[in-house]
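In case you want the letters, here they are:
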Protein chains: 2
Amino acid sequence: MPASGDRLRQLLPGGVFEANCPSRVVLDHVTSKWGVLVLVALDDRVLRWSELRRTVEGVSDKMLAQTLRSLEGDGFVHRDVRPVIPPHVEYSLTPRGRELVALLLPLFTWIVENAHDIVG
Amino acid sequence: MPASGDRLRQLLPGGVFEANCPSRVVLDHVTSKWGVLVLVALDDRVLRWSELRRTVEGVSDKMLAQTLRSLEGDGFVHRDVRPVIPPHVEYSLTPRGRELVALLLPLFTWIVENAHDIVG
DNA sequence: CAGAATCCTATACGATACTG
DNA sequence: CAGTATCGTATAGGATTCTG
């Protein structure tokens, strides 16, 4: 007979709250200031650097580059460089990135829809 | 005939990437360094300060207080103070918090399960 | 166009000490 | 027990400039 709190224990292995749990690293990348926004912006889309820069309003060159490198390093984002002049670079989600964004999107949508009630 | 990118537009109202969109504030609270961890720790549980402190390994007094105040201010967390000595304070999710965590949990679970492949 | 490099600042964060 | 207060630092993050 499951006690309170067991939903968590059923879903999660032990030790997920440990300081050295590898999930903390990934969580930090995804939940970084611009991580969620960039990932959601790439949902079902292929965007160039400049498009991404314009879409995610307020992000600086430095942070966009840093965020994209981090997400690329984790295998969420694919960077496609066309060897032309002027440079043409396209960003898109990898299969793993699509898995992640599929879970991110309901959360993001809920926050968007409820934000006004929450902070207003 | 929906083009690529329309899944996003179907789910989300316009302007969600605008710098002054209120969702940014809520998103920042939830995805703060300790926000997700505290929220998930409270899933289906009522925890006292010291239990929360021990559960979310590595969090400092200051950050736990700050995170809880932020989440309480957004209406995700309920703070129940028993007027006894020594003090007894219990933290739990509000209905709104439970809505949020219901969406957070699949994401968190996926990250935990895949973290090893991603950073390993 | 797509960044890298540099510089600078705000603040997020942690450690410690203290208190009703 | 459940915090607050103070202090110090690291680093996240922004503005600007430069380049293949």
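Just above sits the structure.
So, how was this worked out
Residues numbered from 1 in each chain as written. Chains lettered and ligands numbered in written order. Predicted model: local features only at pLDDT ≥ 70, side-chain atom pairs only at ≥ 80, totals over all residues. Heavy atoms only, no water. Axes fitted to C-alpha atoms, helices over the stretch in contact; angles between N-to-C directions. Helix = DSSP H or I, 4+ residues; strand = E, 2+ residues; numbered from the N terminus. Parallel < 35°, antiparallel > 145°, perpendicular 65-115°, else oblique. Left-handed = near helix turned anticlockwise from the far one by under 90°. Contact = heavy atoms within 4.5 Å. Nonpolar A, V, L, I, M, F, W, Y, C, P; charged D, E, K, R; others polar. Near = heavy atom within 4 Å. Polar contact = N/O pair within 3.5 Å; in protein donor to acceptor, adjacent residues only side chain to side chain. Buried < 20%, exposed > 50% of the residue type's maximum accessible area, 1.4 Å probe, protein only. Pairing = 2+ DSSP bridges.

**Considering the packing of helix α6 (residues 95–119) of chain A against helix α6 (residues 95–119) of chain B**
Remark: α6 of chain A packs on α6 of chain B, axes separated minimally by 10 Å, with the N-to-C direction vectors making an angle of 155 degrees. By the angle class used here, α6 of chain A and α6 of chain B are roughly antiparallel. Handedness of the α6 of chain A/α6 of chain B crossing: left-handed. Between α6 of chain A, through Arg96, Glu99, Leu100, Leu103, Leu104, Pro106, Leu107, Trp110, Ile111, Asp117 and Ile118 of chain A, and α6 of chain B, the contact on the second element is made entirely by Arg96, Glu99, Leu100, Leu103, Leu104, Pro106, Leu107, Trp110, Ile111, Asp117 and Ile118 of chain B. Its residues assigned to classes, the contact of α6 of chain A with α6 of chain B comprises 16 nonpolar, no polar and 6 charged.

**Remarks on the protein's contact with DNA strand D**
Contacts to DNA strand D come from 19 residues, most closely from Lys62 of chain A together with Arg48, Ser50, Arg79 and Tyr91 of chain B. Restricting attention to atoms of DNA strand D within 4 Å of the protein, one finds that 68% of them are sugar or phosphate atoms. In this structure, a phosphate oxygen belonging to DNA strand D sits 3.3 Å away from a main-chain N or O atom of Val89 of chain B. Contact distances for DNA strand D include 2.5 Å between a phosphate oxygen and a side-chain N or O atom of Tyr91 of chain B. For the surface near DNA strand D, the elements supplying multiple residues, two or more each, are α5 (61–73) of chain A together with α4 (49–55), α5 (61–73) and β3 (88–93) of chain B. Of the residues forming the surface near DNA strand D, the biggest block, 4 residues, is contributed by α5 of chain B.

**Some words on the pairing of β3 of chain B**
Residue and element names in this part refer to chain B. Within β3, 6 of the 6 residues are buried, leaving the element largely enclosed by the surrounding structure. Residues of β3 alternate between two faces, with His88, Glu90 and Ser92 on one and Val89, Tyr91 and Leu93 on the opposite face, all of them buried. Bridge count for strand β1 (residues 47–48) against β3 is 2 bridges, and the pairing is antiparallel. Directly across from Arg48, in β3, lies its bridge partner Glu90. Relative to β3, strand β2 (residues 77–82) runs antiparallel, the two sharing 6 bridges.

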